[in-house]
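What follows is each chain in one-letter form.
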Amino acid sequence: FNLQKKELDALVAAHSINEDAIAWVIKGVINTRSSTGWTTVKHTALDVPVMAFGVGSERFRGVMENTYIGQTLHALVKP
């Protein structure tokens, strides 16, 4: 997608600060465009617990690849 002028201006301004500032601007653009809310701009390699209840919850057990979680959720809500 093309950046809006205000987004590009913010990115240019962040570039003069540091990489973290750039990451926060990019995160903000993605949050706004995707109606999501990322709370961090960095990852770790730590496992994250996933818990589920209700219909389909049996599909969420043990160690899972993150892409499998998204695919499974999509399959559960797909008409």
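A few points on the structure. Numbers given to residues run from 1 along each chain, matching the order in which its sequence is written. The model is predicted, so local features are restricted to residues of pLDDT at least 70 and side-chain atom pairs to those at 80 or more, both for listing and for counting; the totals for chains, interfaces and linings are taken over all residues. Remark: hydrogens and water are excluded; side-chain values derive from all non-hydrogen atoms of the structure.

**As for the overall build of the chain**
Working definition: helices are DSSP H or I runs of at least four residues, strands are E runs of at least two. Numbering for both runs from the N terminus. Counting secondary structure elements, the chain contains 3 helices and 0 strands. From first element to last, N terminus to C terminus, the chain shows the α and β order α-α-α. Its C-alpha radius of gyration of 17 Å places the chain more than 25% over the 12 Å reference for a compact globule of 79 residues. For the C-alpha atoms alone, the extent of the chain along its principal axes is close to 50 × 30 × 15 Å. Three exposure classes are used, based on accessible area relative to the maximum for each residue type with a 1.4 Å probe and protein chains only: buried under 20%, partly exposed in between, and exposed over 50%. Looking at the chain residue by residue over its 79 residues, the buried ones come to 18%. Of the contacts formed within the chain by residues at least 6 apart in sequence, a portion of 16% connects residues at least 24 apart. Note on areas: Shrake-Rupley with a 1.4 Å probe; residue coverage comes only from the protein chains shown. As presented, the chain carries roughly 6900 Å² of accessible surface, and 61% of it is formed by carbon and sulfur atoms. A residue counts as positive if it is Lys or Arg and as negative if it is Asp or Glu; His and the chain ends are not included. To locate a charge, take NZ of a lysine, CZ of an arginine, CG of an aspartate or CD of a glutamate. Separation of charge centres in the chain, based on 8 positive and 7 negative side chains, amounts to 8 Å. The reference for a compact globule is 2.2 Å times residues^0.38; the radius of gyration itself is calculated from the C-alpha atoms. Residues are treated as being in contact if the distance between any of their heavy atoms lies within 4.5 Å.

**Overview of the side chain of Thr 72**
Checked against the element boundaries, Thr 72 lands in helix H3 (residues 66-77). In this structure, Thr 72 is in contact with Arg 59 and Phe 60, ignoring residues within four places of it in sequence.

**Remarks on the packing of helix H1 (residues 5-15) against helix H2 (residues 19-34)**
In a packed pair of helices, the relevant descriptors are the angle between the two axes and the axis-to-axis distance. Following both chains from N to C, one finds H1 and H2 inclined at 160°, their axes separated by 7 Å at the closest point. Of the possible angle classes, the one that applies to H1 and H2 is roughly antiparallel. Judged by the sense of rotation from one axis to the other, the crossing of H1 with H2 is right-handed. Facing H1, whose interface residues are Glu 7, Ala 10, Leu 11, Ala 14 and His 15, H2 presents Ala 21, Ile 22, Val 25, Ile 26, Val 29 and Arg 33. For the contact of H1 with H2, the per-class residue count stands at 8 nonpolar, 1 polar and 2 charged. For helices, the fitted line uses only the C-alpha atoms of the stretch in contact; every axis is such a line through C-alpha atoms, and the angle between N-to-C directions lies from 0 to 180 degrees. The cut-offs work like this: below 35 degrees is roughly parallel, past 145 is roughly antiparallel, 65 to 115 is roughly perpendicular, and the gaps in between are oblique. Here a crossing is taken to be left-handed if its near helix is turned anticlockwise relative to the far helix by less than a right angle, and right-handed if that turn runs clockwise. When residues are sorted by character, Ala, Val, Leu, Ile, Met, Phe, Trp, Tyr, Cys and Pro go into the nonpolar class, Asp, Glu, Lys and Arg into the charged class, and all the rest, Gly among them, into the polar class.

**Points about unusual backbone geometry**
Trans is the common state for peptide bonds, and a negative phi is the common state for residues other than glycine. One non-glycine residue, Ser 35, lies in positive phi territory at about 55°. The residue Ser 35 is located in the loop between H2 and H3 in this model. Residue classification places Ser 35 among the exposed residues on the basis of a relative accessible area of 68%.

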